[in-house]
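The chain contents come next:
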Amino acid sequence: MANILPFPEETPLAMQIKSLGDEELLDFWEETQFLERFLKEGAPVQNQDSMQYEKLILQELQLRSCRRCAATAQL
C-alpha cells in the first residue's frame, strides 16, 4: 500500500504524489476511493479533501501516461 508519511506535514500533497511510483500511486488512489465510499456512508456531505486527492492523483497519472506516449513516439 502507498505510504506518504515520510514527508513533513507542510509538504504539499502534489509534491508527495509526484514522488510515488506508479503502483504506489494507484494504491493510493484506490485507498482514497475506499475512504470516500466509507465517508459517504457515514455522512452524506461531499468531502472536499477527497476530491482534491482524486484530482491530483488523476492529473499525475495522466501526465505520466502522456510522458510514456511521447517517449514511445520519439523511439
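Residues numbered from 1 in each chain as written. Predicted model: local features only at pLDDT ≥ 70, side-chain atom pairs only at ≥ 80, totals over all residues. Heavy atoms only, no water.

Draft legend 1. Representation of the pattern of salt bridges within the structure. As enumerated under the stated definition, the model contains four salt bridges in all. The shortest N-O distance in the salt bridge between Arg 64 and Glu 60 comes to 2.9 Å. A residue pair is termed a helical-turn pair when its members lie 3 or 4 positions apart in one helix, as Arg 64 and Glu 60 do in helix H3 (residues 48–74) at four residues. An identical accessibility class is assigned to Arg 64 and Glu 60; each is buried. Connected through shared salt-bridge partners, Lys 18, Asp 22, Glu 60, Arg 64 and Arg 68 make up one network. (Salt bridge = Lys/Arg side-chain N within 4 Å of Asp/Glu carboxyl O. Helix = DSSP H or I, 4+ residues; strand = E, 2+ residues; numbered from the N terminus. Buried < 20%, exposed > 50% of the residue type's maximum accessible area, 1.4 Å probe, protein only.)

Draft legend 2. Spotlight on the nonpolar core. By size, the foremost hydrophobic cluster in this structure holds seven residues: Leu 13, Ile 17, Leu 20, Leu 25, Phe 28, Leu 56 and Ile 57. For this core, the secondary structure elements donating two or more residues are helix H1 (13–18), helix H2 (22–42) and H3. (Core = buried A, V, L, I, M, F, W, Y, C linked by side-chain atoms within 4.5 Å.)

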